[in-house]
Amino acid sequence: MRTARSRSSAPPDGAYERVHVETFDPTEVLQTIRGALQNGAYGVEDETGHYLLSGDFPDDTMTGSGDHVDFEQLLGVRATRVVVISPEHGLEEFLQIVDRMGLHKVSYTVGWTAWLDIAPEGVTKATAMERVREWLDIPRSRVFAAGDGRNDIDMLRWASTSGRGVVMGQAPDDVVDAGSEITGGVTDDGLAAALDTLPR
């Protein structure tokens, strides 16, 4: 996880500075997962936001800025995040495989498809937002968070405790259960509608 604060006089290119970075050694978890997912694709994000990738990933910003390497080169890297995908598995089968792995010393979530996000133990979007909330001295009652994926569950629960945890309309049921309110889906401009309710 990387938490960033904008510079007080941000340059035109929108640069930011990293003020707190959580890292971990992904070696053990990568070896554990590879034992169960021989044909998976593996990515490690380092503390600068750069990706090392092993296997076939779909084209996106991660692959566009990452370097493709042998699996062994992922081991021992100080990682902020590990991503694992396994296109050959359906979501339910993938969830069962992940459950059997018994991953320890990490936090992980499973996405919309056979996509696994792994972070240092105890690090989630909720812990990052709480850190920023404390920096900015924002009352918990004024917290607003919105999400639609399983990696948003902790954040939505955190926001819903005293503030607003807004779930997008297309979210699966377990994500809906984590929030305090629901808005329309992406195609219905649901986030814009929720933001319009904020005080001005």
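Residues numbered from 1 in each chain as written. Predicted model: local features only at pLDDT ≥ 70, side-chain atom pairs only at ≥ 80, totals over all residues. Heavy atoms only, no water.

Asks: Account for the sheet that holds strand 11 (residues 181-182), with residues named and values stated.
Replies: Overall, parallel pairing links the three strands, which are arranged 9-10-11 in an open sheet. Each of the sheet's edge strands pairs with one partner strand only, and the pair in question is strand 9 (144-147) and strand 11. Pairing geometry for strand 10 (residues 164-167) and strand 11, over two bridges, is parallel. Residue pairing in the sheet places Val 167 in a bridge with Ile 182 of strand 11. (Pairing = 2+ DSSP bridges. Helix = DSSP H or I, 4+ residues; strand = E, 2+ residues; numbered from the N terminus.)

Asks: Give me the lowdown on the nonpolar core, citing residues and values where you can.
Replies: Most often, soluble globular proteins keep nonpolar side chains buried together rather than apart. Formed by 25 residues in total, the largest nonpolar core has its most connected members in Ile 33, Leu 116 and Ile 118. At the level of elements, helix 1 (27-36), strand 3 (41-46), strand 6 (79-85), helix 3 (91-101), strand 7 (106-110) and strand 8 (115-120) are the ones that each hand at least two residues to this core. In terms of residue count, the dominant contributor to this core is helix 3 (four residues). Those residues in contact with Ile 33 that sit more than four places away from it in its chain are Tyr 42, Val 84, Met 101, Leu 103, Leu 116 and Ile 118. Grouped together as the second largest cluster of nonpolar side chains are seven residues, Ala 41, Leu 53, Met 62 and Ile 85 included. (Core = buried A, V, L, I, M, F, W, Y, C linked by side-chain atoms within 4.5 Å. Buried < 20%, exposed > 50% of the residue type's maximum accessible area, 1.4 Å probe, protein only. Contact = heavy atoms within 4.5 Å.)

Asks: If you had to explain the environment of Val 44 to someone new, which residues and values would you point to?
Replies: On the secondary structure map, Val 44 appears in strand 3. Sequence-wise, Val 44 and Leu 75 are 31 residues apart; in three dimensions their C-alpha atoms are separated by 9.0 Å. When neighbours within four sequence positions are excluded, Val 44 is seen to be in contact with Pro 26, Leu 30, His 50, Tyr 51, Leu 52, Leu 74, Val 77, Ala 79, Arg 81 and Val 82.

Asks: Report on helix 3, specifying residues and quantitative values.
Replies: Within helix 3, the full set of buried residues consists of Phe 94, Ile 97, Val 98 and Met 101. Viewed along the axis of helix 3, the buried residues span an arc of 95°, placing them on a single side of the element. Exposed residues pointing more than 90 degrees away from the buried face of helix 3 are listed as Glu 92, Asp 99 and Arg 100. In this structure, the buried side of helix 3 is in contact with helix 1, strand 6, strand 7 and strand 8. Where helix 3 terminates, the next one or two residues include Gly 102, which has phi positive at roughly 60°. (Arc of directions from axis to C-beta.)

Asks: Please set out the packing of aromatic side chains residue by residue, giving values where relevant.
Replies: Here the structure, examined in full by the defined rule, presents one aromatic pair. Where Tyr 42 meets Phe 71, the ring centres are 5.3 Å apart and the plane angle is 75°; that geometry is what we call edge-to-face. In this pair, Tyr 42 is assigned in strand 3 and Phe 71 in the loop between strand 5 (67-68) and strand 6, connecting sequence segments 29 residues apart. One exposure class covers both Tyr 42 and Phe 71, and it is buried. Across from the ring centre of Phe 71, 4.1 Å away, lies the NZ or CZ of Arg 34, which sits over that ring. (Phe/Tyr/Trp six-rings, centres within 6.5 Å; stacked < 30°, edge-to-face > 60°. Lys NZ or Arg CZ within 6 Å of the ring centre and 35° of its normal.)

Asks: Describe in detail the packing of helix 4 (residues 125-136) against helix 5 (residues 153-162), supporting the description with residues and values.
Replies: Between helix 4 and helix 5, the least distance of the axes is 7 Å, while the angle of their chain directions is 45°. Classed by the angle they form, the pair helix 4 and helix 5 counts as oblique. For the pair helix 4 and helix 5, the contacting residues are Lys 125, Ala 126, Met 129, Glu 130 and Arg 133 in the first and Asp 154, Met 155 and Trp 158 in the second. When its residues are assigned to classes, the contact of helix 4 with helix 5 shows four nonpolar, no polar and four charged. (Axes fitted to C-alpha atoms, helices over the stretch in contact; angles between N-to-C directions. Parallel < 35°, antiparallel > 145°, perpendicular 65-115°, else oblique. Nonpolar A, V, L, I, M, F, W, Y, C, P; charged D, E, K, R; others polar.)

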